[in-house]
Amino acid sequence: MSATLDPTTATSEGDTLPELTRDELVRYSRHVLLPEVGVEGQRRLKAARVLLVGAGGLGSPAALYLAAAGVGTLGIVDFDRVDITNLHRQLLHGTSDVGRTKLASAVDRLREVNPHVTVEPHDIRLSSANALELIRQYDLVVDGTDNFQTRYLVNDACVLTGRPNVYGSIFRFDGQVSVFCTAEGPCYRCIYREPPPPGMVPSCAEGGVLGILPGIVGILQATEAIKLILGIGEPLIGRLNLIDALGARQRTVKIKRDPSCPACGTRELQALVDYDAFCGIGAAPSEAPILEITPTELAAKLARRDDFVLLDVRDPHEYAIASIPGARLVPLGTFGDAISSLDRATDIVIHCRSGARSAKAVRQLQAAGFTRVWNVVGGILRWADDVDPSVAKY
Ligand SMILES: [Zn+2]
C-alpha cells in the first residue's frame, strides 16, 4: 500500500481488491511475473481510479500506457476537439479523428488498447466550480494541462482533497515531472509561488514543441502514477525531474515543502479561487499603464542616490534568500495596510521575484491615487541576471 494514496479508496485491503478474470491474468502475465507487481499488484491497478486532466500531448501517452497497464478506471477531462496540428504529438488521436471531440476519440482508442478498462469521459472545462467534486472521485490526478490557470487549479484542488498530483510540463525541448500534493512532499505552489506574467511564457501553439517530448514526459507521469498505486520504488515526491531532450540529459533536483506556502504550508487557501484573475488573464484593462523600470535603470538610480522609495513585496523567507540593498520589505499580503504610510510626493519603485506581484502592488497604489509608481520588470531574478550575479536565484 502506498503511503501516499488515500486508504479509504479501496486499495488498502487485499481482500477488497477486485478479482482478475482469466483473460486479464493472461493479458497482464508479464506484469504479474514481476515480484513487485504480482497478482495483488495487478488487482491494485484494477481497483485504481486515475483522473487525467487533458487528453492532449501529456494525456495521450499517459492514457495509453495506464490503460494498457490495466488501471481499472481512467477519468479524462477535456473539452477540446482534435485538430490536425495535434497529431504530431497526441498519439491518442488519429487522422480520421480530426474534428471529433478528444474524449470520443480517446474512448474509442482506449477501448481498443484494453477493453477491461472503464473510461469515464468528463466533457467539461475544469474550473473552481467543479474541480473538487470531480477530483474527490479519484485516487490520484495526472496533470496534463498546458496553461498556468489550470495547473494552479489542479494543484490547489489536489491539496484540498488530499490527492497526489502527478505533474508534468513541457516547453520546446525541455520537460519537468514531479509528484506534488502528497502528505510528505511539496506542492506546485511551494516551487512556483506565482505564475509568470501573462504572455511571458509562450504556449506550444506560440513557441512550438518537439513532438516526442510530451511522449517522454507523459510516460514518466504514467510511471509515477503506477508506482504510487503499487506503492513501489521511489516516487518523485520532493524531487523535480528535469528532462533536456536536446542534450539527452535528465537530472533530478531536490525540492522542499515551503512552510509559508498558502496551499500546503499555512493552509490559508481553504477554497479554490479565480485562477484567471490569479494568473492575470482576462483582467479588465486598467485606465493607467503600469510604469516600468529595468533592474539596470534601478541600479543606476540607486548609484545616483535619487530620492525614491524601493519596496519589496515578497515574503520574508524570500527576502532572506536574496534582496536588493535598500529595499523595504512589505509583503503583498499586508500591502494594503502599508499604503497609508507611503508618501504620494515621493517616487516609489516596487519589486518582487519576477514582476507579477509587484505589478499587483502598483495597481493597488494606482487605485489609491498614487501616480509616480514604477514596477521593476523581471524582478529580482532579472536583477541577478543583469546587475548582481551574486544574488541567489530561486
Ligand atoms: Zn505547497
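Residues numbered from 1 in each chain as written. Predicted model: local features only at pLDDT ≥ 70, side-chain atom pairs only at ≥ 80, totals over all residues. Heavy atoms only, no water.

Visitor: Mind showing me how you'd approach the packing of helix H4 (residues 59-69) against helix H10 (residues 212-230) here?
Guide: Axes are the key here: two packed helices are described by the angle between their axes and the distance separating the axes. Contact geometry for H4 and H10: axes closest at 8 Å, N-to-C directions at 40°. Our classification of the angle between H4 and H10 gives oblique. Classified by chirality, the crossing of H10 by H4 is right-handed. Within the contact between the two elements, H4 uses Pro61, Ala62, Tyr65, Leu66 and Ala69 and H10 uses Pro214, Gly215, Gly218, Ile219, Ala222, Ala225 and Ile226. (Axes fitted to C-alpha atoms, helices over the stretch in contact; angles between N-to-C directions. Helix = DSSP H or I, 4+ residues; strand = E, 2+ residues; numbered from the N terminus. Parallel < 35°, antiparallel > 145°, perpendicular 65-115°, else oblique. Left-handed = near helix turned anticlockwise from the far one by under 90°. Contact = heavy atoms within 4.5 Å.)

Visitor: I keep staring at the packing of aromatic side chains and nothing clicks. Help me out?
Guide: Both the distance between ring centres and the angle between the ring planes are used here to describe each pair of aromatic rings. Under the criterion given, the structure shown has 6 aromatic pairs. Ring centres 5.0 Å apart and planes at 75° place the aromatic pair Tyr152 and Tyr188 in the edge-to-face group. One end of the pair, Tyr152, is in helix H7 (residues 148-161); the other, Tyr188, is in helix H8 (residues 188-191), and 36 residues separate them in sequence. Each member of the pair, Tyr152 together with Tyr188, is buried. Ring centres of Tyr167 and Phe180 lie 5.1 Å apart, and the angle between their planes is 45°; on these two criteria the pair is classed as tilted. In this pair, Tyr167 is assigned in strand E5 (residues 165-171) and Phe180 in strand E6 (residues 174-180), connecting sequence segments 13 residues apart. By relative accessible area, Phe180 is classed as buried at 0%. Each member of the aromatic cluster is reached from another via a ring pair, and the members are Tyr152, Tyr167, Phe180, Tyr188, Tyr192 and Phe278. Just above the ring of Tyr138 sits the side chain of Arg49; from NZ or CZ to the centre is 4.6 Å. Across from the ring centre of Phe308, 4.9 Å away, lies the NZ or CZ of Lys301, which sits over that ring. (Phe/Tyr/Trp six-rings, centres within 6.5 Å; stacked < 30°, edge-to-face > 60°. Buried < 20%, exposed > 50% of the residue type's maximum accessible area, 1.4 Å probe, protein only. Lys NZ or Arg CZ within 6 Å of the ring centre and 35° of its normal.)

Visitor: Can you help me understand the environment of Ala69 in this one?
Guide: In this fold, Ala69 is placed in helix H4. Expressed as a C-alpha distance, the spacing of Ala69 and Arg27, which sit 42 residues apart in the sequence, is 9.3 Å. Leave out the neighbours within four places in its chain, and Ala69 touches Tyr28, His31, Gln42, Leu45 and Ile226.

Visitor: I would appreciate a short explanation of the coordination of the zinc ion in the present structure.
Guide: Reference values for angles at a metal are 109.5 degrees in the four-donor tetrahedral case and 90 or 180 degrees in the six-donor octahedral case. Listed as protein donors to the zinc ion are Cys187 (SG), Cys190 (SG), Cys261 (SG) and Cys264 (SG); their distances from the metal cover 2.3 Å. Positions of the donor residues of the zinc ion along the chain correspond to the pattern C-x2-C-x70-C-x2-C. Of this pair, Cys187 sits in the loop between E6 and H8 while Cys261 is found in the loop between strand E8 (249-254) and helix H11 (275-278), placing the two residues 74 residues apart along the sequence. On the basis of relative accessibility, which here comes to 0%, the residue Cys187 falls in the buried class. (Donors = N, O, S within 2.8 Å, 3.2 Å for Na, K, Ca; no water.)

Visitor: In this structure, what is going on with the pairing of E5? I would like to understand it.
Guide: Among the 7 residues in E5, 5 count as buried, and that is most of the element. Where the polypeptide runs from strand E4 (residues 140-143) across H7 and back to E5, its parallel neighbour, the crossover connection is right-handed. Here E5 runs beside E6; their pairing, made up of 7 bridges, is antiparallel. Among the inter-strand pairings, Asn165 is bridged to a residue of E6, identified as Phe180. A loop of 2 residues connects E5 with E6, the two strands running antiparallel in sequence, and Arg172 in this loop sits at a positive phi of about 55°. (Right-handed = clockwise from strand over helix to strand, strands pointing away. Pairing = 2+ DSSP bridges.)

Visitor: I keep staring at a nonpolar patch on the surface and nothing clicks. Help me out?
Guide: Side chains of Phe173, Leu210, Ile212 and Leu246 sit close together on the surface and give an oily, nonpolar patch of about 380 Å² of accessible area. For Leu210, a relative accessible area of 32% puts it in the partly exposed group. (Patch = residues over 30% accessible without salt bridge, like charges linked within 9 Å, V, L, I, M, F, W, Y side chains within 5 Å. Areas by Shrake-Rupley, 256 points an atom, 1.4 Å probe, with all protein chains shown as cover. Salt bridge = Lys/Arg side-chain N within 4 Å of Asp/Glu carboxyl O.)

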